[in-house]
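These are the residues of each chain, in order.
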Amino acid sequence: MDHFLYRDGALYAEDVPVAEIAAAVGTPFYVYSTATLLRHYRLFDEALDGVPHLVCYAMKAAGNLAILKTLAEAGAGMDVVSQGEYLRARAAGVPGEKIVFSGVGKTAEEMRTALTGGIRQFNVESEPEMELLNAVALSLGTVAPITIRVNPDVDAKTHAKIATGKSENKFGIPISRARAVYAHAARLPGLKVVGIDVHIGSQLTDLAPFEQAYAKVAELTEALRADGHGIDRLDLGGGLGIPYTRSNVAPPLPTDYGAMIKRTLGHLGCEIEIEPGRLIAGNAGLLVSSVIFVKSGEGRDFLILDAAMNDLIRPAMYDAHHDIIPVVEPAPGTEQRPYDVVGPVCETGDTFARGRDLPPVKSGDLVAFRSAGAYGAAMASEYNARPLVPEVLVKGDQFAVIRRRPTFDEMINRDSLPSWL
Ligand code: LLP
C-alpha cells in the first residue's frame, strides 16, 4: 500500500497534487511519501512485536537525510555500508548504538570512524577483516562488538546480481567454517562476539529461502553457544521483496516474515535485528518525468522522457519493471497503445520499457514511475553531464525539496584544471 493515488483525475502524493510539485521544482524529480515510509517501517516493527528487536533501515536504498531522520524519529536503527553512510546516519541524528556496519570491504579509516563515533556492531565478513578490526580497536584502546556474517549457501531465487547467499557469492564466510572462524575471533582481544549475521539477497518474493537460511542460523547458534560464545543477537539482513506491478502476485508481507522469524528463531532468546531497505522505501517513492517527444519509429512509437538511465538505472541494470502511469488520470475506457519508453542518454540501454501499453501521451505530459523510492535516487549518476535530479518529501499537504538540483556551474566547477592548461 502507498499514498500515491488519483483524486479527481489527478495523481496525488498524499495530499499534494504531483503536478503542483512538478510546477515548483521542474522535472525530473523523485518524490517520497512520509506516511508510506513510516507505515512500512512500523509494519516491520510490529511484525517482531513480542521479541526484543531493532529494525535497522538499509539506508543504501534511499539515503537522503530527511528520509533517515523521518525513520530515526520513529525509532529505526540503520544498516550502513560505508563511512559516508555512517556519517549521514549520524548527521540525521541516529545514535551509534543503533547503527550496524555491513560490507565486505571496510577500510581501517571506516572502522576508526565508527569505533570513535559509536557503533552497535560490525558485521564482519572475513578473517582478514577480523584481524584488521582487532588491530584498529586495540590501537584505539577499545573493543569492537562483532557478529560474523555467514554465507548459508541458499538460493534466494532472485536476480543473479542481487543474490548474496550462495557459496559462489563474495559475501560472508562459508557456514561450514563458522565454528573455526568464531574460535579465531574469540582469541582476538580487540573483538567481542555478540551474535551472527546473515543476508541472502534482495527482492525475495518467497519466504522459503529465508527460512532455510534462518534454520541454519538457529542450528549454528546452538553449536556456537556450546563452544562457549555469547550469541545474543541475530542480524537477519534485509531482502523482503515488493510488488513492482499491480497485477502480479504480491510477495509475503512483513507480518508473515515476522511470524516465520519467531517460529524459526524465537526459542533462542536472541535479540533480532533486520535490515530492510527496499520494502521501506521502494513503494514510498515516485520518479516524475516529462515527455519530451513522441517519435514514430519503424513499427513502434518511442516515448522520449526527460528522465534517463542515469536517474533510474534499475531497468538497464536488472531488466527491472517499473509501472509508468500518467499524472493526469486517463478517462475511463481510454484506449492504450504500446510505446518504447526511453530517455535522452546516448545508448540503447537507456530504455525503461519496450512495448509498454499506455494511454496516448504527448509532448509536455507528466508521467510517474512507480516503486522508484528504493535504489532510484541512491543509484543515480551524472552520466551525460545530467544533473542529479532533486528529491522532494511530502507530508500530508506539505512538501519540501530535500535535495535541490545542482546548477550547471556547480557541476562544472567541481572539476579543476592542472597548472599546464
Ligand atoms: N543488508 C545488506 C547487508 C544488504 O546488502 C542489503 C542490500 C540490504 C540489507 C537491504 O536489502 P533490501 O531489503 O533492500 O532488499 N540495487 C539493487 C538492490 C541491491 C541490494 C543490495 N543489498 C536493486 O535495485 O534491485
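Residues numbered from 1 in each chain as written. Predicted model: local features only at pLDDT ≥ 70, side-chain atom pairs only at ≥ 80, totals over all residues.

- In the nomenclature of an unreviewed UniProt entry, the protein chain corresponds to Diaminopimelate decarboxylase from the organism Seohaeicola zhoushanensis.
- Heading Subunit (unreviewed entry) of the UniProt record for the protein chain holds this comment: "Homodimer."
- Quoted verbatim from the Pathway (unreviewed entry) field of the UniProt record, the comment on the protein chain reads "Amino-acid biosynthesis; L-lysine biosynthesis via DAP pathway; L-lysine from DL-2,6-diaminopimelate: step 1/1." (UniProt positions renumbered as here; feature names shortened; annotations may be inferred.)

## Quick look at the overall build of the protein chain
Item 1. When you go through the protein chain residue by residue, the secondary structure sums to 12 helices and 21 strands.
Item 2. The C-alpha atoms of the protein chain give 23 Å as radius of gyration, which agrees with the globular expectation for 421 residues (22 Å, within 12%).
Item 3. Each principal axis of the C-alpha distribution contributes one length, and for the protein chain these read about 70 × 60 × 40 Å.
Item 4. Buried positions account for 47% of the 421 residues belonging to the protein chain.
Item 5. Across the protein chain, contacts joining residues at least 24 apart in sequence account for 71% of those joining residues at least 6 apart. (Helix = DSSP H or I, 4+ residues; strand = E, 2+ residues; numbered from the N terminus. Rg over C-alpha atoms; globule rule 2.2 N^0.38 Å. Buried ≥ 20, exposed ≤ 12 C-beta atoms within 10 Å, placed from the backbone. Contact = placed C-beta atoms within 7 Å.)

## Comments concerning the site of the ligand
Item 1. The full set close to the ligand counts 20 residues, and S202, G238, G277, R278 and Y375 are the nearest of them.
Item 2. Of all the secondary-structure elements, those providing two or more residues to the shell around the ligand are α10 (278-281) and α11 (314-318).
Item 3. For the shell around the ligand, the two domains that each supply at least three residues are domain 1 (4-31 + 282-413) and domain 2 (103-274). (Near = placed C-beta within 6 Å. Domains from an automatic or database assignment.)

## Examining the sheet that holds strand β2 (residues 10-13)
Item 1. Taken together, three strands build an open sheet; the order of strands is β1-β2-β3 and the sheet is antiparallel. Edge strands, defined here as strands with exactly one partner in the open sheet, are β1 (4-7) and β3 (16-17).
Item 2. Bridge analysis of β1 against β2 gives four bridges, and the strand direction is antiparallel. Bridging from a neighbouring strand, F4 pairs with A13 of β2. (Pairing = 2+ DSSP bridges.)

## Here's the deal with the domain arrangement of the protein chain
Item 1. Parsing the protein chain into structural domains produces domain 1 (4-31 + 282-413) and domain 2 (103-274).
Item 2. Taking the mean C-alpha position of each, domain 1 and domain 2 sit 36 Å from one another.
Item 3. In this assembly, seven residues from domain 1 lie in contact with six residues from domain 2.
Item 4. Class assignment for the residues of the side of domain 1 that touches domain 2 results in one nonpolar, five polar and one charged. (Nonpolar A, V, L, I, M, F, W, Y, C, P; charged D, E, K, R; others polar.)

## Digging into the packing of helix α2 (residues 34-47) against helix α9 (residues 254-265)
Item 1. Between α2 and α9, whose axes approach to 8 Å, the crossing angle comes to 25°. Here α2 lies roughly parallel to α9, going by the angle between them. Both α2 and α9 take part in a crossing whose hand is right-handed. The residues of α9 that touch α2, namely those facing L43, F44 and A47, are P254, T255, Y257 and G258. (Axes fitted to C-alpha atoms, helices over the stretch in contact; angles between N-to-C directions. Parallel < 35°, antiparallel > 145°, perpendicular 65-115°, else oblique. Left-handed = near helix turned anticlockwise from the far one by under 90°.)

## Considerations on the packing of α2 against helix α3 (residues 65-73)
Item 1. Close contact between α2 and α3 brings their axes to 10 Å; oriented N to C, the two are set at 45°. Classified by the angle their axes make, α2 and α3 are oblique. The crossing of α2 and α3 is right-handed. Of α3, the residues touching α2 (which contributes T34, L37, L38 and Y41) are I67, T70 and L71.
Item 2. Classifying every residue of the contact of α2 with α3 gives five nonpolar, two polar and no charged.

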